[in-house]
2 protein chains.
Amino acid sequence: MELCHYLPFFQALPPAEQSALSHAAVRRRVPQGTLLHNGSADCLGLLVIELGQLRAYMTSDEGREITLYRLFDRDICLFSASCMLSSIQFDIIICAEKETAFWMIPADFYKRLMERSVAVSNYTNQLMASRFTEVMWLVEQILWKSFDQRLARFLVEESALEQTSLLITTHEKIAAHLGTAREVVTRMLKYFQSEGMVRLTRGAIELLDLKRLEILAQI
Amino acid sequence: MELCHYLPFFQALPPAEQSALSHAAVRRRVPQGTLLHNGSADCLGLLVIELGQLRAYMTSDEGREITLYRLFDRDICLFSASCMLSSIQFDIIICAEKETAFWMIPADFYKRLMERSVAVSNYTNQLMASRFTEVMWLVEQILWKSFDQRLARFLVEESALEQTSLLITTHEKIAAHLGTAREVVTRMLKYFQSEGMVRLTRGAIELLDLKRLEILAQI
């Protein structure tokens, strides 16, 4: 599929702009683990994901992490071009969680396009509103949900994402997704194990009772 | 001051649009405590604050609250027109914390304007990015800061806002700002009192040692 099929505003652009955009966009493929954006340190551009998985997260001064949201096939990563919008005064990190193929539209090019085209500008508005919605959901989770509920939800979602009931991950990594300490994750997983919901082995967690985890997660 | 002085994009509009906007905007004044926006239940429009103070907050199913941000003179309230942007899928409540005078630009009018004018659309982008920045700051606070630090910061900021060291408020209200339970606030305030930083009386908190509170708040 071509870039034009991923961008709803493409057809609204005049032919000259369409052609300039197609030329400006760079197709790239990065391996799992590639750091694509690191706060205000860089400003790559808008990423249009063809195939793969990106993770947007933030870190504390002490190096703790929390996952803000994830992006999948056909999603568009706006904050890798955050320098375009001077009012964005926060730093997030974006990393490829799986091998990812994408088009990169350089930030300065997109910014000029957004200043000329009301279709592009309004589309950018909708993109930001979508990410805002995800972060607001996270705020609610952190504030009002208990940790057993958040952990259960994370396990169920990972299982669906990876299409397996055997999750190859560490307690450390789960803690980094959920914004907590490793010990907190280990304690809760051991409780889940004592309840027969999971089985813990070195480097893996097997989900034994998905139904009960879903009920706990209130999915 | 006229509405045109509050809206940076005003001069970029053609004269006919300027005139239509001036006619569409309604000047209002509401008393302290007025509920201006309640999630998806209403969609008043963009509020351009002349004078006053608005509080944007959200609530849990159990009725707990947390303040997301506040708006002051010359600020613009975007989420009271959230129906304009279909990607905004979260509910916030906006309430007048003090008597507030504002212009209200109806949501459908602003939406049409935003679809025609790239200046308006890009300005809306910047507005949303500013609110997003405030919410991201809140996420960091909740996740990485201890409660004594957050409470100290709240007291110092309230004191600056009200220009007094005697805060007329209840533990219940502070809990609603900080997204916690009243008991948690009471316990920490009693600790602050035992340390000589505040004096607690019925319905009021006197800040005795602003310097230490600022150090604690890391301001």
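For clarity, every value in this text was computed on a predicted model and none was experimentally measured.

A word on the state of the cysteines
Residue and element names in this part refer to chain A.
Then comes step 1: Per the counting criterion, the structure on display carries two disulfides over all chains.
Then comes step 2: One disulfide in the model links Cys43 with Cys83; its S-S distance is 1.8 Å. Across the S-S bond linking Cys43 and Cys83, the dihedral sits near -80 degrees, which makes this disulfide left-handed. Of the two residues, Cys43 sits in the loop between strand 2 (35-38) and strand 3 (45-51) while Cys83 sits in the loop between strand 6 (76-77) and strand 7 (93-96), which places them 40 residues apart along the sequence.
Then comes step 3: Since its relative accessible area comes to 23%, Cys43 is described here as partly exposed.
Then comes step 4: For the unlinked cysteine Cys95, the closest cysteine sulfur is that of Cys77, found at 11 Å.
Then comes step 5: The exposure class assigned to Cys95 is buried, which follows from its relative accessible area of 16%.

Brief notes about the relation of the copies chain B and chain A
Then comes step 1: Mapping chain B onto chain A leaves a residual RMSD of 0.0 Å; the transformation is a rotation of 180 degrees accompanied by 0.0 Å of translation along its axis. Viewed as a symmetry operation, the transformation between the two copies matches a two-fold axis. No C-alpha of chain B lies nearer the rotation axis than that of B:Val118, which sits 2.3 Å from it.

Some words on the interface of chain B and chain A
Then comes step 1: Each partner contributes to the interface: chain B provides 40 residues, whereas chain A provides 40 residues.
Then comes step 2: Approximately 3,500 Å² of surface area, both sides summed, lies buried where chain B meets chain A, with 70% of it carried by carbon and sulfur atoms.
Then comes step 3: Together, B:Phe132, B:Met136 and B:Trp144 form the three largest contributors to the area buried by chain B at its contact with chain A, with a combined 21%.
Then comes step 4: Counting across the chain B and chain A interface gives zero salt bridges.
Then comes step 5: Taken together, the links from chain B to chain A amount to 13 residue pairs in polar contact (both at pLDDT 80 or more).
Then comes step 6: Only strand 4 (54-59), strand 5 (65-71), helix 2 (107-116) and helix 3 (118-144) of chain B provide two or more residues apiece to the side of chain B that touches chain A.
Then comes step 7: If one sorts the elements of the side of chain B that touches chain A by residue count, helix 3 of chain B sits on top with 19 residues.
Then comes step 8: Of the residues that constitute the side of chain B that touches chain A, the class distribution is 20 nonpolar, 14 polar and six charged.

Digging into the sheet that holds strand 11 (residues 204-207) of chain A
Sheet strands line up and pair through hydrogen bonds in the backbone, either parallel or antiparallel.
Residue and element names in this part refer to chain A.
Then comes step 1: Here three strands make up an open sheet; going across it, the order is 9-11-10 and the pairing antiparallel. Of all the strands in the sheet, the pair left with one neighbour each is strand 9 (166-168) and strand 10 (198-201). Averaged over all neighbouring strand pairs, the angle between strand axes comes to 20 degrees, with direction disregarded.
Then comes step 2: Pairing analysis gives three bridges linking strand 9 to strand 11, with the strands arranged antiparallel. In the sheet register, Ile168 faces strand 11, and the bridge partner there is Ala204.
Then comes step 3: Across the face of the sheet, helix 6 (residues 182-194) comes into contact with strand 10 and strand 11 while running at roughly 125 degrees to strand 10.

A look at the sheet that holds strand 7 (residues 93-96) of chain B
Residue and element names in this part refer to chain B.
Then comes step 1: As summarised here, the arrangement of the four strands in space is 2-7-4-5, forming an open sheet in which the pairing is antiparallel. The outermost strands of the open sheet, each flanked by one partner alone, are strand 2 (35-38) and strand 5. Across the sheet, the mean angle separating the axes of adjacent strands is 20 degrees when strand polarity is ignored.
Then comes step 2: Examined bridge by bridge, strand 4 and strand 5 share six bridges and lie antiparallel to one another. Paired with Tyr57 across the two strands is Thr67, which belongs to strand 5.
Then comes step 3: Its contacts with the sheet put helix 5 (residues 171-178) on strand 4 and strand 5, and the angle it makes with strand 5 is roughly 75 degrees.

Parameters at a glance
Residues numbered from 1 in each chain as written. Chains lettered and ligands numbered in written order. Predicted model: local features only at pLDDT ≥ 70, side-chain atom pairs only at ≥ 80, totals over all residues. Heavy atoms only, no water. Disulfide = S-S within 2.5 Å. Helix = DSSP H or I, 4+ residues; strand = E, 2+ residues; numbered from the N terminus. Buried < 20%, exposed > 50% of the residue type's maximum accessible area, 1.4 Å probe, protein only. Least-squares fit on C-alpha atoms with pLDDT ≥ 70 in both. Contact = heavy atoms within 4.5 Å. Buried area = accessible area lost by both parts, 1.4 Å probe. Salt bridge = Lys/Arg side-chain N within 4 Å of Asp/Glu carboxyl O. Polar contact = N/O pair within 3.5 Å; in protein donor to acceptor, adjacent residues only side chain to side chain. Nonpolar A, V, L, I, M, F, W, Y, C, P; charged D, E, K, R; others polar. Pairing = 2+ DSSP bridges. Axes fitted to C-alpha atoms, helices over the stretch in contact; angles between N-to-C directions.

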